[in-house]
Amino acid sequence: MTAKATKTTKPPTRLDDESELRRWTPQEVVDKRLLPYTSVRVLKQKCYRRQVFHHNDGGRISFTPADIRRENERTAVIPAAA
């Protein structure tokens, strides 16, 4: 077997582990355009109604990278077959 034929996977680095622990506030999510919402108020209302994946830590809404990925997958539009 050649080196090209074998796929090597790199072990997760410390930076990857720390990035999974990052949490964003609704204001940061809207400012960075991580979700398709342009208003913090609308995003918070959707969270209160449990329509958006989020964490409610001590009564404060926060978003993890996993929450952002799950919400983007949920709202993805599948292209119509040609």
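Predicted model, so just to flag it, every value in this text is computed and none were measured.

## A few points about the overall build of the chain
Turning to step 1, where the next piece is worked out: The secondary structure content of the chain amounts to four helices and two strands.
Turning to step 2, where the next piece is worked out: Listing every helix and strand of the chain by position from the N terminus yields α-α-α-β-β-α.
Turning to step 3, where the next piece is worked out: Out of the 82 residues belonging to the chain, those deemed buried represent 22%.
Turning to step 4, where the next piece is worked out: A separation of at least 24 residues holds for 42% of the contacts in the chain among residues at least 6 apart in sequence.
Turning to step 5, where the next piece is worked out: Of the accessible surface of the chain, which amounts to about 6,900 Å², a share of 53% is contributed by carbon and sulfur atoms.

## Looking at helix α4 (residues 65-74)
Turning to step 1, where the next piece is worked out: Within α4 the residues assigned to the buried category are Pro65, Asp67, Ile68 and Glu71. Taken around the axis of α4, the buried residues stretch over an arc of 160 degrees, which confines them to a single face.

## Some points on the nonpolar core
Turning to step 1, where the next piece is worked out: The biggest cluster of nonpolar side chains holds twelve residues, and these are Trp24, Val29, Val30, Leu35, Tyr37, Val40, Leu43, Cys47, Val52, Ile61, Phe63 and Ile68.
Turning to step 2, where the next piece is worked out: Counting only elements with at least two residues in this core, the list comes to α2 (26-32) and α3 (40-48).
Turning to step 3, where the next piece is worked out: The greatest single-element share of this core, amounting to three residues, is contributed by α3.
Turning to step 4, where the next piece is worked out: Those residues in contact with valine 29, other than ones at most four positions away along the chain, are Trp24, Leu34, Leu35, Leu43, Phe63 and Ile68.

## What to know about the side chain of serine 62
Turning to step 1, where the next piece is worked out: Mapped onto the fold, serine 62 is located in strand β2 (residues 60-62).
Turning to step 2, where the next piece is worked out: Within the structure, serine 62 has its side chain in polar contact with the side chain of aspartate 57 (distance 3.0 Å).
Turning to step 3, where the next piece is worked out: Every residue in contact with serine 62, bar those within four places of it in the chain, is listed here: Arg23, Trp24, His54, His55, Asp57 and Asp67.

## With respect to the side chain of glutamate 71
Turning to step 1, where the next piece is worked out: Of note, glutamate 71 is situated in helix α4.
Turning to step 2, where the next piece is worked out: Residues within four places of glutamate 71 in sequence aside, it is in contact with Leu35, Tyr37, Gln51, Val52 and Phe53.

## Things to note about unusual backbone geometry
Leaving glycine aside, a negative phi is the common case for residues, and trans is the common case for peptide bonds.
Turning to step 1, where the next piece is worked out: One non-glycine residue, arginine 33, lies in positive phi territory at about 55 degrees.
Turning to step 2, where the next piece is worked out: For arginine 33, the location among the structural elements is in the loop between α2 and α3.
Turning to step 3, where the next piece is worked out: In this structure, arginine 50 is a non-glycine residue whose phi angle is positive, near 60 degrees.
Turning to step 4, where the next piece is worked out: Inspection of the secondary structure assignment puts arginine 50 in the loop between α3 and β1 (55-57).
Turning to step 5, where the next piece is worked out: For arginine 50, a relative accessible area of 73% puts it in the exposed group.

Rules of the game
Residues numbered from 1 in each chain as written. Predicted model: local features only at pLDDT ≥ 70, side-chain atom pairs only at ≥ 80, totals over all residues. Heavy atoms only, no water. Helix = DSSP H or I, 4+ residues; strand = E, 2+ residues; numbered from the N terminus. Buried < 20%, exposed > 50% of the residue type's maximum accessible area, 1.4 Å probe, protein only. Contact = heavy atoms within 4.5 Å. Areas by Shrake-Rupley, 256 points an atom, 1.4 Å probe, with all protein chains shown as cover. Arc of directions from axis to C-beta. Core = buried A, V, L, I, M, F, W, Y, C linked by side-chain atoms within 4.5 Å. Polar contact = N/O pair within 3.5 Å; in protein donor to acceptor, adjacent residues only side chain to side chain.

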